[in-house]
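A look at the structure
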Amino acid sequence: MRALSGLWRWRNNPLRRATDLAEAWVALVALLLIAVAAPVTGCLVGAAAQDSLQRSARQQQHARHQVTATVVRDLGGTVPETDPDTSSAREARSRVLAHWTAPDGTRRHGPVLADLKTPHPGDHFSLWTDPHGRITTRPLDSATATTHAVLAGFGAALLTAGLVETGRRITVWRLVRRRYARWDQAWDRAGPDWGKAGTGS
């Protein structure tokens, strides 16, 4: 709105300078770009991210399997949950020696992290593995993928708006510098005669 009011104010003003009109037009163009280009960019980036993330989620859900592992013995010590997509990201997990059967039938064993507070031999817990039984993180779910896509689109819109505003500020700064340079030139021309009797008459 400031850009529109600025254009109206300088439209037929005899004191209007070329840089004043240029500054108002720059503000109007920036306003239109922020109002149109930023949301469009955010939607396009969000849609692309949604498509990519949902495809990745489907691939992970197909390639990762949840199996049941059995505690052999407690290895002592706990560590924080390392999977950021879990709802219990702040819960501690116990280090245990366990064995499990891979989806392809291979018997596996080794040290793992169990979501058990006080693990005992024979306790069961769930693990995510690849088809060969190698431990991996849980697959990305559809809701989390959508959340990430929305955040990506929102971030792209904000970035676009920030770039447009930065461009506007730089352009206005250059216009103001040019205006001051012209003032200095005009002052230099008028300076030697300033204050003399009859000057300007």
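Our subject is the structure listed above.
Residues numbered from 1 in each chain as written. Predicted model: local features only at pLDDT ≥ 70, side-chain atom pairs only at ≥ 80, totals over all residues. Heavy atoms only, no water.

Within the chain one finds three helices and four strands. In sequence order, the chain lays out its α and β elements as α-α-β-β-β-β-α. By the burial criterion, 26% of the 201 residues in the chain qualify as buried. Accessible area of the chain: about 13600 Å², with a carbon and sulfur share of 59%. (Helix = DSSP H or I, 4+ residues; strand = E, 2+ residues; numbered from the N terminus. Buried < 20%, exposed > 50% of the residue type's maximum accessible area, 1.4 Å probe, protein only. Areas by Shrake-Rupley, 256 points an atom, 1.4 Å probe, with all protein chains shown as cover.)

Attention now moves to the pattern of salt bridges. Tallying each qualifying case throughout the model produces four salt bridges. For R168, the salt bridge identified is with E165, shortest N-O distance 2.8 Å. Of this pair, R168 and E165 both sit in helix α3 (residues 142–190), three residues apart, which is roughly one turn of the helix. Residue classification places R168 among the partly exposed positions, given a relative accessible area of 22%. Using a relative accessible area of 22% as the deciding quantity, one classes E165 as partly exposed. Residue R169 is joined to E165 by a salt bridge in which the shortest nitrogen-to-oxygen separation is 2.9 Å. Here R169 pairs with E165, and both are found in helix α3, just four residues apart, close to one helical turn. When salt bridges that share partners are traced, they join E165, R168 and R169 into one network. (Salt bridge = Lys/Arg side-chain N within 4 Å of Asp/Glu carboxyl O.)

What follows covers the nonpolar core. Formed by V67, A69, V71, V96, A98, W100, V112, A114, L116, F125 and L127, the largest nonpolar core amounts to eleven residues. Contacts of V67, omitting those with residues within four sequence positions, involve W100, T101, P103, F125, S126, L127 and T129. (Core = buried A, V, L, I, M, F, W, Y, C linked by side-chain atoms within 4.5 Å. Contact = heavy atoms within 4.5 Å.)

Following the sequence through the fold, A22 ends up in helix α2 (residues 18–63). The spacing of A22 and V172 is 150 residues in sequence and 8.7 Å in space, taken between C-alpha atoms.

What follows deals with a positive patch on the surface. On the surface, R174, R177, R178 and R182 cluster together to form a positively charged patch. Relative to the helices and strands, R174 resides in helix α3. (Patch = residues over 30% accessible without salt bridge, like charges linked within 9 Å, V, L, I, M, F, W, Y side chains within 5 Å. Lys, Arg positive; Asp, Glu negative; His and termini not counted. Charge placed at Lys NZ, Arg CZ, Asp CG, Glu CD.)

Moving on: a nonpolar patch on the surface. A cluster of nonpolar side chains, contributed by V36, V40 and L44, occupies part of the molecular surface with about 280 Å² of accessible area. Residue placement: V36 occurs in helix α2. Judged by relative accessible area, V36 falls into the exposed class, the value being 51%.

Moving on, we come to the environment of R95. Tracing the chain through its elements places R95 in strand β2 (residues 92–101). A relative accessible area of 35% places R95 in the partly exposed class. Along the primary structure R95 and P119 are separated by 24 residues, whereas in three dimensions their C-alpha atoms are 8.8 Å apart.

Right, let's get into the side chain of T129. Here T129 is to be found in strand β4 (residues 124–129). According to the relative accessible area criterion, T129 is buried, its value standing at 0%. Not counting the four nearest positions on each side in its chain, T129 is found in contact with A63, R64, H65, V67, W100, P103, R134, I135 and T136.

Following the sequence through the fold, A63 ends up in helix α2. Along the chain, A63 and P131 lie 68 residues apart, while their C-alpha atoms are 6.5 Å from each other. Beyond its immediate chain neighbours, meaning those up to four positions away, A63 contacts T129, D130 and P131.

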